[in-house]
Amino acid sequence: MAKLAKNSTGTVIRLSKPASAPKARQFLAHYFALERPHTAHLLFSKGIIDFLLGFVIGILVGIIIAIMAGA
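Small disclaimer: the values here were computed from a predicted structure and weren't measured.

(A) Structural detail: the overall build of the protein. For the protein, the helix and strand inventory stands at two helices and two strands. Out of the 71 residues in the protein, the part that is buried amounts to 0%. If you sum the accessible surface of the protein, you get close to 7,300 Å²; carbon and sulfur atoms cover 71% of it.

(B) Looking closely at the packing of aromatic side chains. Under the defined criterion, the tally for this structure stands at three aromatic pairs. With a centroid separation of 5.5 Å and an interplanar angle of 70 degrees, the aromatic rings of Tyr31 and Phe32 are classed as edge-to-face. Overall, the relative accessible area of 40% leaves Tyr31 in the partly exposed class. You can call Phe32 exposed: its relative accessible area is 60%.

(C) Seen up close, a nonpolar patch on the surface. There is a patch of nonpolar side chains on the surface, built from Ile48, Phe51, Leu52, Phe55, Val56, Ile59, Leu60, Ile63 and Ile67 and spanning about 880 Å² of accessible area. Among the secondary structure elements, Ile48 is positioned in helix H2 (residues 40-70).

The rules behind these values
Residues numbered from 1 in each chain as written. Predicted model: local features only at pLDDT ≥ 70, side-chain atom pairs only at ≥ 80, totals over all residues. Heavy atoms only, no water. Helix = DSSP H or I, 4+ residues; strand = E, 2+ residues; numbered from the N terminus. Buried < 20%, exposed > 50% of the residue type's maximum accessible area, 1.4 Å probe, protein only. Areas by Shrake-Rupley, 256 points an atom, 1.4 Å probe, with all protein chains shown as cover. Phe/Tyr/Trp six-rings, centres within 6.5 Å; stacked < 30°, edge-to-face > 60°. Patch = residues over 30% accessible without salt bridge, like charges linked within 9 Å, V, L, I, M, F, W, Y side chains within 5 Å. Salt bridge = Lys/Arg side-chain N within 4 Å of Asp/Glu carboxyl O.

Rendered as C-alpha cells:
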C-alpha cells in the first residue's frame, strides 16, 4: 500500500511492507474464536409455526367450503 507523507515540501510515497500470511494454526485459532449465531432453534420453531398456521388455514378453508356446499 502507498502512503502519502503530510507536511512535506514534495509528495513522498512510502511503500509499506506487505502483511505476511497467517500460519495455519493462527488461522484456525482465529476462525474457531469467531462468534457465530446459532439459528437451529429458529429453524425448528419456524417449521412448527408454519405447520400450525397451515393447519388452521386448512381447517378454515374446509369449513368455508363445507358451508358453501351445504347452502
